[in-house]
Amino acid sequence: QVQLVESGGGLVQAGGSLRLACAASGRTFSSYTMGWFRQAPGKEREFVAQIRWSGGSTYYGDFVKGRFTISRDNAKNTVYLQMNSLKPEDTAVYYCAAKASDYVRYAYWGQGTQVTVSS
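Residues numbered from 1 in each chain as written. Predicted model: local features only at pLDDT ≥ 70, side-chain atom pairs only at ≥ 80, totals over all residues. Heavy atoms only, no water.

Enumeration according to the criterion identifies six aromatic pairs in this entry. The interplanar angle of 70° and the centroid separation of 5.6 Å between the aromatic rings of Phe 37 and Phe 47 together place this pair among those described as edge-to-face. Highlighted residues: Phe 37 in strand S4 (residues 33–39) and Phe 47 in strand S5 (residues 46–51), separated in sequence by ten residues. With a relative accessible area of 28%, Phe 47 lands in the partly exposed category. Each residue in the set Phe 37, Phe 47, Tyr 106 and Trp 109 is aromatic and connected to the rest through ring pairs, giving one cluster. For the cation-ring pair, Arg 38 lies above Phe 63, with the distance from its terminal atom to the ring centre recorded as 3.8 Å. Its end group placed over the ring of Phe 37, Arg 45 keeps NZ or CZ at 5.8 Å from the ring centre. (Phe/Tyr/Trp six-rings, centres within 6.5 Å; stacked < 30°, edge-to-face > 60°. Helix = DSSP H or I, 4+ residues; strand = E, 2+ residues; numbered from the N terminus. Buried < 20%, exposed > 50% of the residue type's maximum accessible area, 1.4 Å probe, protein only. Lys NZ or Arg CZ within 6 Å of the ring centre and 35° of its normal.)

Given below as structure tokens:
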């Protein structure tokens, strides 16, 4: 069982930066693939980024275009999403998620943190 708690959301002006954090509980955190998703009002949930347990393999949604960086600190059971050059269209609730391997669906989700980018 893995429990996830996001933090770091808030209000920022366009062009600004935010760093989201996701604190995980559970002894097997270091073996899980971790991801970030987002959902804007009236839109479907969207994949943002993923990082494998080793931290060596990362994947990003097409819209990221080098603006976001996912990282993890297994010693702190925490995964981060550094977001730079934020745009108003990045406004959404951002969710952290975990899965046991690349071949299964994300099984664990956090409660989400709101990111609002003003123009």
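The final tally for this structure, using the stated rule, is four salt bridges. With a shortest N-O distance of 2.8 Å, Arg 38 and Asp 90 are connected by a salt bridge. You can see Arg 38 sitting in strand S4 and its partner Asp 90 sitting in the loop between strand S8 (78–83) and strand S9 (92–99), a full 52 residues away along the chain. Look at Arg 38 and you get buried, because its relative accessible area is 7%. For Asp 90, a relative accessible area of 0% gives the class buried. Between Arg 67 and Asp 90 there is a salt bridge whose closest N-O contact spans 2.7 Å. (Salt bridge = Lys/Arg side-chain N within 4 Å of Asp/Glu carboxyl O.)

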